[in-house]
Amino acid sequence: NSQNGNDKGLFGKLTEVHCFNVDNNSRKEPDFPDAGIELKTTGLKLSPKEKKLGAKERLVFSMIDYPEVHKETWLESSFLDKNQKLLIMFYHFIETGKELDREYLFHEYLDLLDKSFAQDVVQIEADWNAIVEMIREGKADDLTEGGTSYLAANTKHGKGYKRRKQPFSDIMAKPRSFVFKQKYFNYLVKQKLEQD
């Protein structure tokens, strides 16, 4: 199934290997450790009504490690350590197309500590803190994606995902990952297209 799209992250894997010579991995450090840059790919599709490009889905980061994340601060967080500098490759997603037929549209470089990016950085930090504070209160099982603005805690569904232990509570919590919300991605895309 190398080209039929059954593997949801296949295009990203192909980009890593064939465009940047980066082995597929799940390491804690960024994909380009010397530069401290994490590579992400995400699809854009035309909305049927507005005929404008928008984000196909959220941008997913790593799983939230409940037993460890509550010990962290934003500036020394494992999330920021891996994802402070993001190279995001946007491609045109076509439902019926093959992976290798997809076309890159543009790329965006984000530094989550860049002061010129201040308004977004402040909100992303606030969202991270809100998520972690709920974990500190023993409420990891109550996390919802709607509780934050840009960065969210997205639940993982499927047979392979069992509930996990959380600190400060005996209630098992759904596994979740950090994500950039789709509406935030649409905002970034709109900004980029208006600049060009």
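Before reading on, note that the structure itself is shown above.
Predicted, not measured: the structure shown is a model, and the values here were computed from it.

Caption draft 1: Broad picture of the sheet that holds strand β6 (residues 151-155). Taken together, the three strands give an open sheet; going across it, the order is β3-β7-β6, and neighbouring strands pair in antiparallel fashion. At either margin of the open sheet sits one strand with a lone partner, and together these are β3 (59-63) and β6. For this sheet, the mean angle separating the axes of adjacent strands, direction not counted, is 35°. Relative to strand β7 (residues 176-180), β3 runs antiparallel, the two sharing three bridges. Among the inter-strand pairings, methionine 63 is bridged to a residue of β7, identified as serine 177. Contacts from helix α4 (residues 118-136) reach β6 and β7 within the one sheet, and its direction differs from that of β6 by about 40°.

Caption draft 2: How the structure looks around the sheet that holds strand β2 (residues 53-55). The four strands lie next to each other as β2-β1-β4-β5, forming an open sheet whose pairing is mixed. Of all the strands in the sheet, the pair left with one neighbour each is β2 and β5 (103-111). Along the sheet, successive strands turn relative to each other by an average axial angle of 30°, direction set aside. Of the pairings in the sheet, the one linking strand β4 (residues 85-92) to β5 comprises eight bridges and is antiparallel in character. Paired with leucine 86 across the strands is leucine 110, a residue of β5.

Caption draft 3: Representation of unusual backbone geometry within the structure. Despite not being glycine, phenylalanine 168 has its phi angle at roughly 70°, a positive value. Tracing the backbone through its elements, the reader meets phenylalanine 168 in the loop between β6 and β7. Take phenylalanine 168: its relative accessible area is 53%, and that puts it in the exposed class.

Caption draft 4: A look at the pattern of salt bridges. Using the criterion set out here, one finds eight salt bridges in the structure. Put simply, glutamate 57 and lysine 56 hold a salt bridge, and the shortest N to O gap is 3.3 Å. The salt bridge involving glutamate 137 is made with lysine 139; its shortest N-O contact spans 3.6 Å. Given the relative accessible area of 43%, glutamate 137 is considered partly exposed.

Caption draft 5: Just the packing of aromatic side chains, in detail. Evaluation of the coordinates by the stated rule reveals 12 aromatic pairs. Relative to tyrosine 187, the ring of tyrosine 150 has its centre 6.4 Å away and its plane inclined at 25°; by these criteria the two rings are stacked. Residue tyrosine 150 is found in the loop between α4 and β6, and its partner tyrosine 187 is found in helix α5 (residues 182-195); the two are separated by 37 residues along the sequence. When its relative accessible area of 18% is taken as the criterion, tyrosine 150 is described as buried. Among the aromatic side chains, those forming a connected cluster through ring pairs are Phe61, Trp74, Phe79, Phe90, Phe106, Trp128, Tyr150, Phe178, Phe180, Tyr184, Phe185 and Tyr187. Of note, lysine 56 hangs over the ring of phenylalanine 93, and the distance from its end group to the ring centre comes to 4.6 Å.

Rules used in this analysis
Residue positions are counted from 1 within each chain, in the order its sequence is given. A pLDDT threshold of at least 70 governs which residues receive local features in this predicted model, and a stricter bar of 80 or more applies before side-chain atom pairs are shown or counted, although totals over entire chains, interfaces and linings include all residues. For side-chain calculations, the full set of non-hydrogen atoms in the structure is used, while hydrogens and water are omitted. At least two bridges found by DSSP between two strands is the condition for calling them paired. Secondary structure elements follow DSSP: runs of H or I of four or more residues count as helices, runs of E of two or more count as strands, with numbering from the N terminus. Angles run from 0 to 180 degrees between N-to-C directions of axes, and those axes are lines fitted to C-alpha atoms, restricted for helices to the stretch in contact. Contacts: residue pairs with any heavy atoms within 4.5 Å of one another. Burial here depends on accessible area, computed with a 1.4 Å probe over protein chains only, as a share of the maximum for the residue type. Under 20% is buried, over 50% is exposed, and the range in between is partly exposed. For this document, the term salt bridge refers to a Lys or Arg side-chain nitrogen within 4 Å of an Asp or Glu carboxyl oxygen. The criterion for an aromatic pair is that two Phe, Tyr or Trp rings (for Trp, the six-membered ring) have centres within 6.5 Å, with stacked assigned to planes under 30 degrees apart, edge-to-face to planes over 60 apart and tilted to the rest. The criterion for a charge sitting over a ring is simple: Lys NZ or Arg CZ within 6 Å of the ring centre, and within 35 degrees of the ring normal.

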